[in-house]
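Here's the letter readout for the chains.
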Amino acid sequence: MDNERECCSHRTKERSEKEYKDLIHRLNRIEGQIRGIKGMVEKDVYCPDILVQVAAVNAALNSFNKVLLANHIRTCVTRDIQDGKDEAVDELVTVLQKLMK
């Protein structure tokens, strides 16, 4: 388990510097969008204008999920399958089911 270790019941993953920076950059932008929406509510901005911004945040979160999921499949899932850990597929199916609610 080079990039992943078990600690209690929590698993971790070491990410490349590029992957880490990309994910953090995306989250920082989303966080800024959320703060912007909060400011709109505080300023009594018209509801449809707020809803458009909420839709933009939802799209950004979906994009974040797609990138994270692709990285997970390319690294963790692939490695686990190569190591004979077939339960990785079941875990992936469970995650996908949660994402598609």
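Structure: above.
**Details of the overall build of the chain**
Of the regular secondary structure elements, the chain holds three helices and two strands. Counting from the amino terminus, helix and strand elements in the chain follow one another as β-β-α-α-α. Relative to the 2.2 N^0.38 estimate, which gives 13 Å for 101 residues, the radius of gyration of the chain is 18 Å and therefore markedly larger than a compact globule would have. Oriented by its inertia axes, the alpha-carbon framework of the chain measures out at about 55 × 30 × 25 Å. Among the 101 residues that make up the chain, the fraction classed as buried is 21%. Within the chain, contacts between residues separated by at least 24 positions form 50% of all contacts whose residues are at least 6 apart in sequence. Accessible area of the chain: about 7,800 Å², with a carbon and sulfur share of 56%.

**Looking at the environment of glutamine 53**
Mapped onto the secondary structure, glutamine 53 falls in helix 2 (residues 47–82). Since its relative accessible area comes to 33%, glutamine 53 is described here as partly exposed. Counting along the chain gives 45 residues from glutamine 53 to lysine 98, while the straight-line C-alpha distance between them is 24 Å. Setting aside anything within four residues of it in sequence, one finds glutamine 53 in contact with Ile37 and Met40.

Calculation rules
- Residues numbered from 1 in each chain as written.
- Predicted model: local features only at pLDDT ≥ 70, side-chain atom pairs only at ≥ 80, totals over all residues.
- Heavy atoms only, no water.
- Helix = DSSP H or I, 4+ residues; strand = E, 2+ residues; numbered from the N terminus.
- Rg over C-alpha atoms; globule rule 2.2 N^0.38 Å.
- Buried < 20%, exposed > 50% of the residue type's maximum accessible area, 1.4 Å probe, protein only.
- Contact = heavy atoms within 4.5 Å.
- Areas by Shrake-Rupley, 256 points an atom, 1.4 Å probe, with all protein chains shown as cover.

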